[in-house]
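# Coordinates in review
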Amino acid sequence: MIRGGRPLKGKIEISGAKNSALPCLAATLLTSETVTLHNVPYVKDLITQRRLLEDLGATVLTPELRTHKVSAKNIETFEAPYELVKTMRASVLALGPLLARFGQAKVSLPGGCAIGTRPIDLHLKAFEQLGASVSLESGDVVARAPNGRLKGADVSFEKVTVTGTENVMMAAVLAKGKTTIYNAAREPEIEDLADLLNKMGARIKGAGTETIEIKGVESLGGAEHTIIPDRIETGTFIVAAAITGGELEIKSCQPEHLAAVIEKLREVGVEIEELNQSTLLVKCCEKGLQAKNVTTEPHPKFPTDMQAQYMSLMTQAEGDSTITETIFENRFMHASELIRLGANISFSGTTAIVRGKTRLMGAPVQASDLRASASLVLAALCAEDETLIDRVYHIDRGYEMIVKKLRSVGAEIERITDNLAMSAEEN
Ligand code: EPU
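To start, this report covers the structure provided alongside it.

Conventions and cut-offs
- Residues numbered from 1 in each chain as written.
- Predicted model: local features only at pLDDT ≥ 70, side-chain atom pairs only at ≥ 80, totals over all residues.
- Heavy atoms only, no water.
- Buried < 20%, exposed > 50% of the residue type's maximum accessible area, 1.4 Å probe, protein only.
- Helix = DSSP H or I, 4+ residues; strand = E, 2+ residues; numbered from the N terminus.
- Polar contact = N/O pair within 3.5 Å; in protein donor to acceptor, adjacent residues only side chain to side chain.
- Pairing = 2+ DSSP bridges.
- Axes fitted to C-alpha atoms, helices over the stretch in contact; angles between N-to-C directions.
- Contact = heavy atoms within 4.5 Å.
- Near = heavy atom within 4 Å.
- Areas by Shrake-Rupley, 256 points an atom, 1.4 Å probe, with all protein chains shown as cover.
- Nonpolar A, V, L, I, M, F, W, Y, C, P; charged D, E, K, R; others polar.
- Core = buried A, V, L, I, M, F, W, Y, C linked by side-chain atoms within 4.5 Å.
- Salt bridge = Lys/Arg side-chain N within 4 Å of Asp/Glu carboxyl O.
- Patch = residues over 30% accessible without salt bridge, like charges linked within 9 Å, V, L, I, M, F, W, Y side chains within 5 Å.

## Overview of helix α12 (residues 370-382)
Of all 13 residues in α12, 13 are buried; the element is thus mostly enclosed. N-capping of α12 is provided by Asp 369, with a side-chain oxygen placed 3.1 Å from the backbone N of Arg 371.

Below you can see the structure in the form of structure tokens.
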């Protein structure tokens, strides 16, 4: 339950990046030695990823809430079951490391989800290029490396894929010979994973660019690594400050990881000052917000994971803006809920047209996925009266303690129920 209309003021601490911690935890499967990860965000998807590691036979210790010490010395099974994969698609990140270290892996094929069909065909094709045989058996992807070891190869992705690039990187680090990935994803999370893998003894060059070169090694060892700050959480709190006309100091972030978001938000009138390398001061300028168009594209362009939050902001900007989604085919589910709050949004193919500025009024709404729920929270923070957001468990998948963080800067927000039963069924 959110009662809107209160400008947020104060300091917010950014957590570790969910989409970096997920592949980094999967990478611990590549070695029999202990890997220690710090700054792992305490969110539902990471709890699920930890469970996956434990189900495979790994031991995970958490000496502190956000530190995971993983030992994958005694892996007993090479299988990620449907029960787990259906709750979190990122479980497919177990495929690359299992195949690389044990020469076999069986992971349930994820189905579609709320934002699109999201196939993993490009991951599987790349594994085949590395010499694996891949088949579908009763809904499971079964991959095997002949003679137990993959062979380095040239992999050229026809479409940029983030987890696809990560999976192939993890598969190639233990392959025999050299792998070159062309048209690789360039997200900061790719670089973070490569940093961890190199600390473990891998030989990866070029992560963060379109071409990544990996020289396969015989084995990897233990390492200690700190996960980068979450750039999407950072962007979400910038919008929270702007949409409520507040002032937030956003700490422990890495502004260069969201340069396109900061640039766009400055263009629409948000004042963003870089106090130092890891702190931003955000205010809404007195003239108010001006509508500007945006198109989502792979990094370093404007990320799809900020599209929903940007749409909420545009309901408060003067003028019309078009928002074009090019990454996922069905990522406008939040728009119809924003319309329930009073937004004026229409559609033309993969483009949403937002006509602003509109007065938002609280209403019951329903979240459909992680970023959609963030956009509803943002809209509710500036809406009059009370907004009730249902299926809020989506937000717990990727935003650490969002209720607590928002309350600490003055938001009137309360969790009415956890609705855990639904969360297990529908995530
Ligand atoms: N695609 C294919 N075949 C493939 C792989 C991808 O057609 O084998 C398509 C997808 O359907 C999509 C596009 O390629 O249309 C890009 O998908 P990508 O593979 O890059 O997405 P992902 O790796 O599944 C990650 C993030 C998402 C984020 C996207 C895009 C993780 C765990 N997830 O997903 O994060 O939206 O990249 O940046 O890293 C979120 O955090 O809310 C979230 C959905």
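## Quick word on the sheet that holds strand β5 (residues 67-71)
Across a sheet, strands are paired by hydrogen bonds formed along the backbone, either parallel or antiparallel in direction. Across the sheet, four strands lie side by side as β4-β5-β3-β14; this open sheet has mixed pairing. Since the sheet does not close on itself, it has two edges, and those belong to β4 (59-64) and β14 (223-226), each with one partner. On average, each strand axis in the sheet is inclined to that of its neighbour by 20 degrees, with strand direction left out of account. Bridge count for strand β3 (residues 34-38) against β14 is four bridges, and the pairing is parallel. Paired with Thr 36 across the strands is Glu 224, a residue of β14. Across the sheet, helix α2 (residues 44-56) is in contact with β4 and β5; its angle to β4 comes to roughly 135 degrees.

## Brief notes about the site of the ligand
With respect to spatial proximity, 22 residues lie near the ligand, and among them Leu 122, Thr 161, Thr 163, Asp 305 and Ile 327 are the closest. Arg 371 has a polar side-chain atom sitting 2.8 Å from an oxygen atom of the ligand. Protein contact buries 88% of the 840 Å² of open area that the ligand shows by itself. Only α1 (18-27), α5 (121-129), α6 (162-172) and α12 provide two or more residues apiece to the shell around the ligand. Class assignment for the residues of the shell around the ligand results in ten nonpolar, five polar and seven charged.

## Remarks on the side chain of Asp 369
Its place among the elements puts Asp 369 in the loop between β23 (364-366) and α12. Note on Asp 369: relative accessible area 11%, which makes it buried. Sequence-distant contacts of Asp 369, that is, excluding residues within four places in its chain, are made with Ala 114, Ile 115, Arg 331 and His 394.

## What to know about the nonpolar core
Core analysis: the biggest nonpolar cluster contains 77 residues, and Leu 30, Met 169, Val 173, Leu 197 and Ile 204 have the highest contact counts within it. The element that contributes the greatest number of residues to this core is α1, accounting for six residues. For Leu 197, the residues in contact, after removing those within four places along its chain, are Ala 27, Leu 30, Met 169, Met 170, Val 173, Ala 202, Ile 204 and Leu 220. Ranked by size, the runner-up nonpolar core spans 67 residues in total, among them Ile 272, Met 311, Ala 335 and Ala 343.

## Quick look at the sheet that holds strand β12 (residues 203-205)
Read across the sheet, four strands follow the order β10-β11-β13-β12 without closing on themselves; strand pairing throughout is mixed. The sheet terminates laterally at β10 (154-156) and β12, the two strands that pair on one side only. Put simply, the sheet's adjacent strands are angled 15 degrees from each other on average, direction ignored. Note that β12 and strand β13 (residues 212-215) share three bridges and pair antiparallel. For Arg 203, the partnering residue across the bridge sits in β13 and is Lys 215.

## With respect to the pattern of salt bridges
Opposite charge on two side chains makes pairing possible when the charged atoms of those side chains draw close. Under the defined criterion, the tally for this structure stands at 22 salt bridges. For Asp 45, the salt bridge identified is with Arg 397, shortest N-O distance 2.8 Å. Of this pair, Asp 45 sits in helix α2 while Arg 397 sits in the loop between α13 (393-396) and α14 (402-408); the two residues are 352 residues apart in sequence, bridging distant segments of the chain. In terms of burial, Asp 45 and Arg 397 fall into one category: buried. Note that Asp 55 and Arg 51 form a salt bridge whose closest N and O atoms lie 3.9 Å from each other. Taken together, the residues span about one helical turn, with Asp 55 and Arg 51 both in helix α2 at a distance of four residues. Accessibility expressed as a relative area gives 37% for Asp 55, which makes it partly exposed.

## With respect to a nonpolar patch on the surface
On the surface, Tyr 42, Ile 47, Leu 65 and Met 401 cluster together to form a nonpolar patch covering roughly 350 Å² of accessible area. Classification of Tyr 42 by relative accessible area gives partly exposed; the value is 42%.

## Focus: the environment of Ala 202
Position of Ala 202 relative to the elements: it lies in the loop between α7 (188-199) and β12. Along the chain, Ala 202 and Gly 216 lie 14 residues apart, while their C-alpha atoms are 7.2 Å from each other. Setting aside residues no more than four positions away along its own chain, Ala 202 makes contact with Val 173, Leu 197 and Leu 220.

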